[in-house]
Amino acid sequence: MEMQVSGQCSLSERMKLKRLLLRYYPPGIILEYEKSGELKTKSIDLLDLSPNTDVSALVEEIRKAEPLITASRTDQVKHLILKLQDKLGQQGDHKFYLFKVLRAHILPLTNVAFNKSGSCFITGSYDRTCKLWDTSSGEELHTLEGHRNVVYAIAFNNPYGDKIATGSFDKTCKLWSAETGKCYHTFRGHTAEIVCLSFNPQSTLIATGSMDTTAKLWDIQNGEEVVTLSGHSAEIISLSFNTTGNRIITGSFDHTVSVWDVETGRKVYTLIGHRAEISSALFNWDCSLILTGSMDKTCMLWDVLNGKCVATLTGHDDEILDICFDYTGQLLATASADGTARVFSAATRKCITKLEGHEGEISKISFNPQGNRLLTGSSDKTARIWDSHTGQCLQILEGHTDEIFSCAFNYKGNIIITGSKDNTCRIWR
Amino acid sequence: GAGSEPRTSERCKERFSATPSSPSPGPGGALHAVIREWREGPDAQCGACSPSRAPYPQGLLSILRKLKSAPDQEVRILLLGLDNAGKTTLLKQLASEDISHITPTQGFNIKSVQSQGFKLNVWDIGGQRKIRPYWRNYFENTDVLIYVIDSADRKRFEETGQELAELLDEEKLSGVPVLIFANKQDLLTAAPASEIAEGLNLHTIRDRMWQIQSCSALTAEGVQVR
């Protein structure tokens, strides 16, 4: 019997499902399983799930496609999908109020970022520090000191959230413990300011992009440089990993965007088409599309498989300063120096709505995790919340006395932080 | 425009003869002269500037763009000085903006001013004592240093002289031309530029071009604005 099994059922023997986890944004089920004694995870993405989806049919479909989901698990899967549908149905209409003004720094802030649970967040500043804050109390938990110039780019290693990376105009990147505030490593090697960075999804690498025209990958464990991504002829100002972490994308002032293989550090291809500096470049969740924004007033969508441009999104009268996808990748939004933002359908590439009202450039834009709201930060000193389908402005977050440089939703979508040139950070909830 | 006045070239030479020059502002303007000198050498001709209203800064991205090493026709100017010296007022005058509501700068202000084919990216950095240690954040790629002095604040001449001396010792600013504005000449108690130049021992500066210019950022006297 056992011998007979080895051929056909080797899969179920080697891969044993341990438990199922729910992921709300974007909707999905995470499978935790054992393979040759090692604990691994994979996800079933349900990006098109809606409250109206036929659950029994969907479960059947999943069972057919995913060998780890056996008949005995179907009830559990069904239960999880119902929970996801329930969550999708509660598209909350949260009203935000100013909760705290943090006189955070003695000089302007640069960027702000939440950890995954939203329990704490970080702020970077011209005062050369990064500070870690408790979201519920507004208390300062740690000041990360050691950089010799502006702390510009900051990140948590989400979803874990136990580490923080800071990239500075002092040309170094530092890795810190979020728990103790201790510096684990200082990554040296760039010859100009570090202006963007990201952890890979597995939290084994940090990528840094610099004004020296290169990006570098660093090993978190040993603190060593893994590889330098060279090829751009001007400053790199944007970078991001894809969801699986095998590709990284860099956007440059040389008007191009490059896609790199993380394993080898080799360039896979270059996206050429924009006629001015790139302001941002990112993947959608399922890694099928790349979105790029440029000073040439347009955004472009590219097919990840072949690197071909599939659409140019026009309409803005001035430079594109920021872009984003919603968590599922169905919608994308563009923010411009013309003071407006636009929402497009990723499928039809048509403009769905226009966000009008800011009295200055919009420098930051992001969807809430649910995808039904947009948050914009502007030089007009306000942040605004919009309905992402109708374009209606729902709230104006007023109070900052200078430009807003950065803003973010927490994962639940019920807390907002804004960082300003006025040296303060504000918590809204 | 450039060359319309036959003596302009002569005046430029005079300005950069490494001795304190006449505090009276010429129509060409000291700022422009320093930039021209730095760009094209001592024989360059001065001309009048025509600042135009610059676009409002565009968040962090525009800071990155202004950070990158300046292309040929861009000049990165760093505006420093003690608190209350008048740096922000000067910046706003250069950009032809309203100067009626100016508060102490807690961080920095950036403006781009077009001037005779040059794009001047001017960085005005707050001067309060607690944030002076952060001035060095902004030293990289500086083409011209403008140092502003409140000519009526005699009690702090020593302090401002010390700060200037430290700046001139900074490695990242070595060789960077310095233009000193003896500001607030509209006040009766203002010390003349020549006295300030002497007090600060400007004549001992040998390692760079320098220039002192009396002005009033408030009335725009000595600040070339049209």
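Residues numbered from 1 in each chain as written. Chains lettered and ligands numbered in written order. Predicted model: local features only at pLDDT ≥ 70, side-chain atom pairs only at ≥ 80, totals over all residues. Heavy atoms only, no water.

Draft legend 1. Seen up close, the pairing of strand β22 (residues 289-294) of chain A. Residues and elements named next belong to chain A. The element β22 is largely enclosed, with a buried count of six among its six residues. Residue alternation in β22 divides its side chains into two sets, L289, L291 and G293 and I290, T292 and S294, and both sets are buried. Across five bridges, the pairing between strand β21 (residues 278-283) and β22 is antiparallel. From the neighbouring strand, F283 faces β22, where its bridge partner is I290. Pairing between β22 and strand β23 (residues 299-303): five bridges, direction antiparallel. Residue pairing in the sheet places T292 in a bridge with M300 of β23. The turn joining β22 and β23, which pair antiparallel and follow one another in sequence, is formed by four residues; a positive phi near 75° is taken by K297. (Buried < 20%, exposed > 50% of the residue type's maximum accessible area, 1.4 Å probe, protein only. Helix = DSSP H or I, 4+ residues; strand = E, 2+ residues; numbered from the N terminus. Pairing = 2+ DSSP bridges.)

Draft legend 2. Here's a closer look at the confidence of the model for chain B. Residue and element names in this part refer to chain B. Taken as a whole, chain B shows an average pLDDT of 77; of its residues, 68% reach a score of 70 or greater. When pLDDT is averaged over each element of chain B, helix α5 (residues 157-169) comes out on top at 96 and helix α1 (residues 8-15) at the bottom at 35. Note that residues 42-58 has pLDDT below 50 and, in this model, 64 contacts with residues that lie over four places away or in other chains. What the predictor reports for the complex is a pTM of 0.86 with an ipTM of 0.80. (pLDDT = per-residue confidence, 0-100. Contact = heavy atoms within 4.5 Å.)

Draft legend 3. Fine view of the sheet that holds strand β7 (residues 130-134) of chain A. Residue and element names in this part refer to chain A. Across the sheet, which stays open at both edges, the four strands sit in the order β5-β6-β7-β8 with antiparallel pairing between neighbours. The open sheet has two free edges, formed respectively by β5 (109-114) and β8 (140-144), since each of these has just one partner strand. In this sheet, adjacent strand axes meet at a mean angle of 20° when their direction is disregarded. For strand β6 (residues 120-125) and β7, the ladder comprises five bridges, and the chain directions are antiparallel. In the strand pairing of β7, T123 is matched with K131. (Axes fitted to C-alpha atoms, helices over the stretch in contact; angles between N-to-C directions.)

Draft legend 4. Quick peek at the UniProt feature "repeat: WD" (unreviewed entry) in chain A. Residues and elements named next belong to chain A. This chain's UniProt record puts "repeat: WD" (unreviewed entry) on residues 102-143, 144-186, 187-228, 229-270, 271-312, 313-354, 355-396 and 397-429. A helix fraction of 0% and a strand fraction of 52% characterise residues 102-143, whose end C-alpha atoms lie 14 Å from each other. The distance separating the terminal C-alpha atoms of residues 271-312 is 13 Å; by composition the span is 0% helix and 52% strand. (UniProt positions renumbered as here; feature names shortened; annotations may be inferred.)

Draft legend 5. Seen up close, the interface of chain A and chain B. Taken together, the contact pairs 36 residues of chain A with 24 residues of chain B. For the pair chain A and chain B, the two sides together bury roughly 2,700 Å², of which 59% comes from carbon and sulfur. Summed over the three residues of chain A that lose the most area to chain B, namely I106, Y126 and R128 of chain A, the buried surface amounts to 19% of that side. A salt bridge links E140 of chain B to K171 of chain A; its shortest N-O distance comes to 3.8 Å. Put simply, the parts of the chain that give the side of chain A that touches chain B at least two residues each are β5, β25 (320-325) and β29 (362-367) of chain A. Within the side of chain A that touches chain B, the residues separate by chemical class into 16 nonpolar, seven polar and 13 charged. (Buried area = accessible area lost by both parts, 1.4 Å probe. Salt bridge = Lys/Arg side-chain N within 4 Å of Asp/Glu carboxyl O. Nonpolar A, V, L, I, M, F, W, Y, C, P; charged D, E, K, R; others polar.)

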